[in-house]
Amino acid sequence: MIGASWDVQWHIDVGPDTFFTLPHLFIYAGAAIAGIASLVVVLAVTAAQRRGETPDPSDGGVPVRVFGGTFTAPLGYLVAGLGAAAFLLYGLIDLWWHTVYGFDAVLNSPPHVALFTTNSITMIGAVIIAAAAREQRWGRIAMAISVPVLMTFFPITANAFQGVPLPFDTIVAATVLIIVLMLVVTRVAIGRPGAALGTAAALLAMQAILWVFTPWATETYAAAVGLPLRDGLGGEPSLIPAGIPLAGLVAAAAIELLLKRGPALAGGIAGLVLGLTFVLQRDWLGFAPPVTALTLIATTIAGGLFGLLGGYLGARFGAMLRIREKVAA
């Protein structure tokens with residue numbers, strides 16, 4: 001997450017880059033660590049089962065048989081490992097893309113969309129791992145960290161739809177969907193009042209850290225390698241932290257208060273709040289075309305509908321994360 005925010009800001013403040021930069025090192029090191037950790041756990045669980053031990057579902061999720069039982073993988077580590085492996089594969093494709101087409105400084109190139117998608121898959125695995133250990137303090141803390149990171153990565157993939165003529169802001173719609181969905185997932189999976197509010201607070205804290213760190217790291221690294229910043233920079237906020245809604249706590253409060261009346265209703269109300277406030281936030285920070293009355297109304301309505309869907313799916317995904325029975329592959 002640190003590397004992605006840093007790299008995006010580098011493109012904005014400095015310009016195009018090569019494949020081998022310090023922000024890229026952070027990005028690919030993060031994927032490599034996730035992949036190696038997942039592989040180690042899968043091999044350890046497989047070896048334990050061959051010794052006659054029964055895998056504990058609280059250690060990474062329900063055990064899944066892979067390749068006809070050759071391996072036994074906790075579900076969370078299987079998902080995280082596959083996401084990390086796919087990320088590194090698309091990293092090679094991104095290197096090829098730069099080799100063929102040269103520099104690029106956009107989020108919606110095919111390799112970049114694929115990289116953020118596979119990053120999201122890795123974080124889904126991390127959420128499954130954390131939810132499996134929800135009865136332990138470290139599991140709840142890990143949930144409060146992994147869920148906000150997933151909330152931040154997932155909406156970036158919506159840049160792939162920038163060329164589609166839609167009446168609403170697709171970035172706002174994707175952000176509403178994942179934030180509402182994951183707030184409900186967290187509340188249902190952990191099963192404790194305040195879980196959604198705690199997650200929204202962690203998201204806000206991560207936003208604050210990135211808001212301070214990202215421009216500082218960009219300026220410091222540019223000075224270290226002897227590159228100037230672009231002319232005419234006016235102190236614009238960093239793109240990734242600015243892409244996190246400031247009204248997340250309000251949405252979480254709506255979910256906490258209305259969840260018993262129905263997750264879809266709670267998600268719909270939270271979606272309306274996020275849809276309205278986030279489209280105004282993007283306009284205020286200068287990361288979207290000037291908002292018109294039609295765009296504002298359409299995006300608010302879309303936010304409500306995507307929030308309704310997020311609440312409906314979030315309750316079911318949250319219930320799935322509570323299952324601890326062995327599943328077959």
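The model shown is predicted, which means the values in this text are computed figures rather than measured ones. Along each chain, the written sequence defines residue order, and numbers are assigned to residues from 1. Thresholds applied to this predicted model are a pLDDT of at least 70 for local features of residues and 80 or more for the giving and counting of side-chain atom pairs; totals over whole chains, interfaces and linings are not thresholded and use all residues. Computation of side-chain values covers all heavy atoms of the structure but excludes hydrogens and water.

## Concerning the overall build of the chain
Rule in force here: Every helix listed is a DSSP run of H or I at least four residues long, and every strand listed is a run of E at least two residues long, numbered separately from the N terminus. Atoms considered for the radius of gyration are the C-alpha atoms alone. The globule rule reads 2.2 Å times the number of residues to the power 0.38. Type-normalised accessible area, obtained with a 1.4 Å probe on protein chains alone, sets the label of each residue: buried when under 20%, exposed when over 50%, and partly exposed for intermediate values. Here the accessible surface of atoms and residues is derived via Shrake-Rupley with a 1.4 Å probe, and residues count as covered only by protein chains that are part of the display. In this tally, Asp and Glu contribute negative charge and Lys and Arg positive charge; neither His nor the terminal groups of the chain are included. Each charge is placed at NZ for Lys, CZ for Arg, CG for Asp and CD for Glu.
Along its length, the chain carries eleven helices and two strands. Each helix and strand of the chain, ordered N terminal to C terminal, gives the series α-α-β-β-α-α-α-α-α-α-α-α-α. Over its C-alpha trace the chain gives a radius of gyration of 20 Å, about what one expects of a compact globule, namely 20 Å for 329 residues. If you line up the chain on its principal axes, its C-alpha atoms span 65 × 50 × 35 Å. Per-residue burial over the chain gives 49% buried out of 329 residues. A total accessible area of about 15500 Å² is found for the chain, and carbon and sulfur atoms account for 71% of it. Taking the average place of the 16 positive charges on the side chains of the chain and the average place of its 16 negative ones, the gap between the two points comes to 19 Å.

## Notes on the pairing of strand β2 (residues 71-74)
Our working definition: Here the rule is simple: two strands pair whenever DSSP picks up at least two bridges between them.
Relative to β2, strand β1 (residues 63-66) runs antiparallel, the two being bridged by four bridges. Note that in β2 the partner of P63 across the bridge is P74. The hairpin formed by β1 and β2 contains four residues between the paired strands, and F67 there has a positive phi angle of roughly 55°.

## Comments concerning a nonpolar patch on the surface
Our working rule: What goes into a patch is any residue over 30% in relative accessible area without a salt bridge, connected to like charges within 9 Å or, for nonpolar side chains (Val, Leu, Ile, Met, Phe, Trp, Tyr), within 5 Å. Salt bridge, as used here, is a side-chain nitrogen of Lys or Arg placed within 4 Å of a carboxyl oxygen of Asp or Glu.
Taken together, the side chains of L89, Y90, L92, I93, W96, V100 and Y101 make up a nonpolar region of the molecular surface, amounting to roughly 710 Å² of accessible area. When you line up the elements, Y90 lands in helix α3 (residues 75-101). Using a relative accessible area of 32% as the deciding quantity, one classes Y90 as partly exposed.

## Quick word on the nonpolar core
Put simply, the rule is: We call a set of buried Ala, Val, Leu, Ile, Met, Phe, Trp, Tyr and Cys residues a nonpolar core when their side-chain atoms join them within 4.5 Å. The contact criterion used throughout is that any non-hydrogen atoms of two residues lie within 4.5 Å.
The biggest cluster of nonpolar side chains holds 48 residues, and the ones touching the most others in it are M143, M182, L183 and L321. The leading source of residues in this core is helix α6 (residues 170-190), at twelve residues. Setting aside its immediate chain neighbours within four residues, L321 contacts V127, I128, A131, R134, M143, V185 and A189.

## Re the packing of aromatic side chains
Just so we agree on the cut-off: Ring pairs shown here join Phe, Tyr and Trp side chains whose ring centres sit within 6.5 Å, with only the six-membered ring taken for Trp; geometry is labelled stacked below 30 degrees between planes, edge-to-face above 60, and tilted in between.
Under the definition given, this model contains nine aromatic pairs. A centroid spacing of 5.9 Å and a plane angle of 85° characterise the contact between W6 and F213, whose relative ring orientation is edge-to-face. With W6 in helix α1 (residues 2-13) and F213 in helix α7 (residues 195-224), this pair connects stretches of sequence that are 207 residues apart. A relative accessible area of 22% means that F213 is categorised as partly exposed. When the ring of F67 is compared with that of F71, the centres are 6.4 Å apart and the planes differ by 70°; the resulting orientation is edge-to-face. With relative accessibility at 29%, the residue F71 sits in the partly exposed group.

## Here we look at the packing of helix α5 (residues 137-153) against α7
What counts is decided by this rule: Axes here refer to lines fitted to C-alpha atoms; in helices the fit is confined to the stretch in contact. Angles between the N-to-C directions go from 0 to 180 degrees. Working rule for handedness: look at the near helix, and if it is turned counterclockwise from the far one by less than a right angle, call the crossing left-handed; if clockwise, right-handed. Under the scheme applied, nonpolar residues are Ala, Val, Leu, Ile, Met, Phe, Trp, Tyr, Cys and Pro; charged residues are Asp, Glu, Lys and Arg; polar residues are all the others, including Gly.
Interhelical geometry of α5 versus α7 gives an angle of 65° and a closest axis separation of 9 Å. Judged by the twist between their axes, the crossing of α5 over α7 is right-handed. On α7, the residues that touch A144, V147, P148, V149, M151 and T152 of α5 are T199, A202, L203 and M206. Residue composition of the contact of α5 with α7, grouped by class: eight nonpolar, two polar and no charged.

## Points about the confidence of the model for the chain
To keep things clear, this is the line we draw: pLDDT is defined as a per-residue confidence score from the predictor, taking values between 0 and 100.
For the chain, the mean per-residue pLDDT works out to 89, and 95% of the residues sit at or above 70. Of all secondary-structure elements in the chain, the lowest mean pLDDT belongs to α1, at 88, while helix α9 (residues 248-258) reaches the highest, 96. In the predicted structure, residues 325-329 sits below a pLDDT of 50 and forms eight contacts with residues beyond four places in sequence or in another chain.

## Brief notes about the packing of helix α4 (residues 110-132) against α5
Formally: Here the word oblique covers every angle except those under 35 degrees (roughly parallel), over 145 (roughly antiparallel) and from 65 to 115 (roughly perpendicular).
Direction vectors running N to C along α4 and α5 enclose 160°, while the axes themselves pass 8 Å from each other. Comparing their axes, α5 and α4 come out roughly antiparallel. As α4 runs across α5, the sense of the crossing is left-handed. Contacts from F116, N119, S120, M123, I124, A126, V127, I129, A130 and A131 in α4 reach W138, G139, A142, M143, S146, V147, V149, L150 and F153 in α5.

## So, the pattern of salt bridges
What the rule picks out here adds up to three salt bridges. R51 is the salt-bridge partner of E53, the closest N and O atoms lying 3.4 Å from each other. Exposure remark for E53: the relative accessible area of 43% places this residue in the partly exposed category. For the salt bridge of R282 with D169, the shortest nitrogen-to-oxygen distance reads 3.0 Å. One end of the pair, R282, is in helix α10 (residues 263-285); the other, D169, is in the loop between α5 and α6, and 113 residues separate them in sequence. The pair formed by R282 and D169 is uniform in burial state, with each residue classed as buried.

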